[in-house]
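Okay, here's what each chain looks like letter by letter:
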Amino acid sequence: MEPLCPNLDLKPAPFSPISPRFSKPNSLSVHSHRFSCSDRRVTKKWRVPIVPSWFKAASNVRADEAQVCGQELMRSVGKGLLALAAAAAANYSIFCDSPAMAESLTVAFPVSRTTEVNSVQRTLVETWGLIRETFVDPTFNHQDWDLKLQQTMVEMFPLRSADAAYMKISGMLSTLGDPFTRIISPKEYQSFRIGSNGNLQGVGLFISTEPRTGHLVVLSCVEGSPAARAGIHEGDELVEINGENLDGVDTEVAVQKLRGRVGTTVTVKVQSSNDLGSDSSIQEVKLPREYIKLTPISTATIPHRTPDGRLTKTGYVKLSAFSQTAAADMENAINEMKSQGVHSYILDLRNNPGGLVKAGLDVAQIWLDGDETLVNTIDREGNLLPINMVNGHAITHDPLVVLVNEGSASASEILAGALHDNRRATLVGHRTFGKGKIQSVTELHDGSALFVTVAKYLSPALHDIDQVGIAPDVQCTTEMLNSSKESTSKEKSSVSSLEADSCVLVAEHELDIQESKGTAS
């Protein structure tokens, strides 16, 4: 998940004048906990808490120097690493902006003579500092985080390759006990950014790590993609990619293996969700890589006859991912359906794995008025910080039902919770995935990126979502839902297949109830 306001033009905190060689870091550093931000195409505003960052990572620093700050660091690292000074050691300047701690202290780190490992050592210090200041758990999984830097630096010293050095950083992060806090390579980060922009080359799979088992599971397939044509379904488990077992493999690493140049192929082994644990349910599939256009919005107008015999139109909107254009695309879609005489809506978030949190909050404002709370965050100190709209104006007050299921995760859950708890929508379907953590993403000096869990979130009504999910108001059967998947392959039959979808049928009934009550929710 990306930062809450990735498009803001915010300037990081200035550097100390002690060392003018250092330039600004490519990370977010904000002193205020409350501000407004807006998308250029969606002008509504919302207030959001941001965790300030003290860490001043240098962009043009020599390989044998880095700046960090902190009284505890001076105590613990100063003791542990002074003994490591030797011919191969280099100096790190450690100082603090506090007037009481204005004096600098030089500490010796064992710096590798291998240039590429030398560079990763600097990445290690950047990573350690960002975790130290922003990670949601201030106990760092009940371990001495300052000591962890010392241990990792020493372990990295004799290495001879950057890949091995990065493995040490990943190992350090794994001790935090949070699978969502991770570092990815420059190439992987570039792919991540491309995916968020809505274009990629791959097979059309959305995957995630199941937190209870650590296995890689399919959240959804892009309609018409190679994965969808091969019969892969949500809930299926990825077992192998190109003959490599995926036990313990990070999500981003697996995604990178699936993506590739158009015209090439990738072979995957997938275990069906209907028969997990049985070897007979594992199938091997060769998938061609193609251009995958992630169009986040698809719509349809469904004719509907009310209980009193009137023929009306229901607007169906499926949101498949929260990309940068999701809110603007949805606003355009709603306005278009309004012009066609639609007076009730079904918002389908089934198998939507999430994406940009900001996009989810912007979509919520399309349906809500006033200063409603969209989500509550809990910072590392346990402080509850609500994110509220600012003078919101919904573009429609017509009845709304939201469809969710086990594949609705992250930003989908934030949106569903916001609409449900503010009594704007009825939820129909099945309990959602249950990812209640917010990550910040910081690009490091070498083009790699650090994902850090900086907060937990609760719904507006303070319901815990993490590993629990959101329960719908009304459930629908899965049998009819499964049968409707096959009929959606042809665009011309999309409306008829929606009419056969049990969850859509239940949603239409709930819309009739809302309309009979004369309310929008």
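Just so we're clear, the structure is a prediction, and the values are computed from it rather than from any experiment.

Cut-offs applied
- Residues numbered from 1 in each chain as written.
- Predicted model: local features only at pLDDT ≥ 70, side-chain atom pairs only at ≥ 80, totals over all residues.
- Heavy atoms only, no water.
- Disulfide = S-S within 2.5 Å.
- Helix = DSSP H or I, 4+ residues; strand = E, 2+ residues; numbered from the N terminus.
- Buried < 20%, exposed > 50% of the residue type's maximum accessible area, 1.4 Å probe, protein only.
- Pairing = 2+ DSSP bridges.
- Contact = heavy atoms within 4.5 Å.
- Axes fitted to C-alpha atoms, helices over the stretch in contact; angles between N-to-C directions.
- Expected span 1.5 Å × (residues − 1).
- Polar contact = N/O pair within 3.5 Å; in protein donor to acceptor, adjacent residues only side chain to side chain.
- Phe/Tyr/Trp six-rings, centres within 6.5 Å; stacked < 30°, edge-to-face > 60°.
- Lys NZ or Arg CZ within 6 Å of the ring centre and 35° of its normal.
- Salt bridge = Lys/Arg side-chain N within 4 Å of Asp/Glu carboxyl O.

1. Brief notes about the state of the cysteines
Then, number 1: Summed over all chains, the structure comprises 1 disulfide.
Then, number 2: For C476, the disulfide goes to C503, at an S-S distance of 1.8 Å. Around the S-S axis, the bridge from C476 to C503 shows a dihedral of about 65° and counts as right-handed. Linking C476 in the loop between strand 24 (474-475) and helix 11 (478-487) with C503 in helix 13 (residues 502-517), this pair joins segments that are 27 residues apart in sequence. Accessibility assignment for this pair places C476 and C503 in one class, buried.

2. Comments concerning the sheet that holds strand 21 (residues 426-429)
Then, number 1: Read from one edge to the other, the open sheet built from 6 strands follows the order 15-16-17-20-21-24, with strand pairing classed as mixed. Of all the strands in the sheet, just strand 15 (297-305) and strand 24 have a single pairing partner and so form its edges.
Then, number 2: Relative to strand 21, strand 20 (residues 400-404) runs parallel, the two sharing 4 bridges. Residue pairing in the sheet places V401 in a bridge with T426 of strand 21.
Then, number 3: Strands in contact with helix 8 (residues 326-339) are strand 15, strand 16 (311-319) and strand 17 (344-348); relative to strand 15, the strand with the most contacts, it is inclined by about 30°.
Then, number 4: Packing of helix 13 onto the sheet brings it into contact with strand 15, strand 16, strand 17, strand 20, strand 21 and strand 24, and relative to strand 20 it is tilted by some 155°.

3. Concerning helix 3 (residues 145-156)
Then, number 1: The terminal C-alpha atoms of helix 3 lie 16 Å apart, and with 12 residues this matches the ideal 16 Å at 1.5 Å per residue to within 8%.
Then, number 2: Taken together, the buried positions of helix 3 are occupied by W145, D146, K148, L149, Q150, T152, M153 and M156.
Then, number 3: Of the residues that open helix 3, the one with a side-chain oxygen 3.1 Å from the backbone nitrogen of D146 is D144.

4. As for the environment of G202
Then, number 1: By the element assignment, G202 lies in strand 7 (residues 199-202).
Then, number 2: Remark: the alpha-carbon pair of G202 and T265, spanning 63 residues in sequence, is separated by 9.0 Å.
Then, number 3: Setting aside residues up to four positions removed in sequence, G202 forms contacts with P226, L258, R259, G260, P288, R289, E290 and I292.

5. What to know about the packing of aromatic side chains
Then, number 1: This structure, assessed with the given rule, holds 2 aromatic pairs.
Then, number 2: Consider the rings of F140 and W145, whose centres lie 5.5 Å apart with planes at 15°: the pair is stacked. As far as the burial class goes, F140 and W145 line up, both buried.
Then, number 3: Centroid distance Y345 to W367: 5.7 Å. Interplanar angle 70°. Geometry classified as edge-to-face. Residue Y345 is found in strand 17, and its partner W367 is found in helix 9 (residues 357-367); the two are separated by 22 residues along the sequence.
Then, number 4: Here R182 stacks its cationic end above the ring of F451, 4.1 Å away from the centre of that ring.

6. Some remarks on the pattern of salt bridges
Then, number 1: Within this structure, the stated rule accounts for 13 salt bridges.
Then, number 2: For E515, the salt bridge goes to R310, with nearest N and O atoms at 3.3 Å. Residue E515 is found in helix 13, and its partner R310 is found in the loop between strand 15 and strand 16; the two are separated by 205 residues along the sequence.
Then, number 3: On the basis of relative accessible area, E515 is assigned to the partly exposed category, the value being 39%.
Then, number 4: Between K437 and D466 there is a salt bridge, with the nearest N and O atoms lying 2.7 Å from each other. You can see K437 sitting in strand 22 (residues 437-443) and its partner D466 sitting in the loop between strand 23 (449-458) and strand 24, a full 29 residues away along the chain.

7. Focus: the environment of N383
Then, number 1: In this fold, N383 is placed in the loop between strand 18 (373-378) and strand 19 (384-390).
Then, number 2: Those residues in contact with N383 that sit more than four places away from it in its chain are T377 and I378.

Function-wise, these values are silent; they only describe arrangement.
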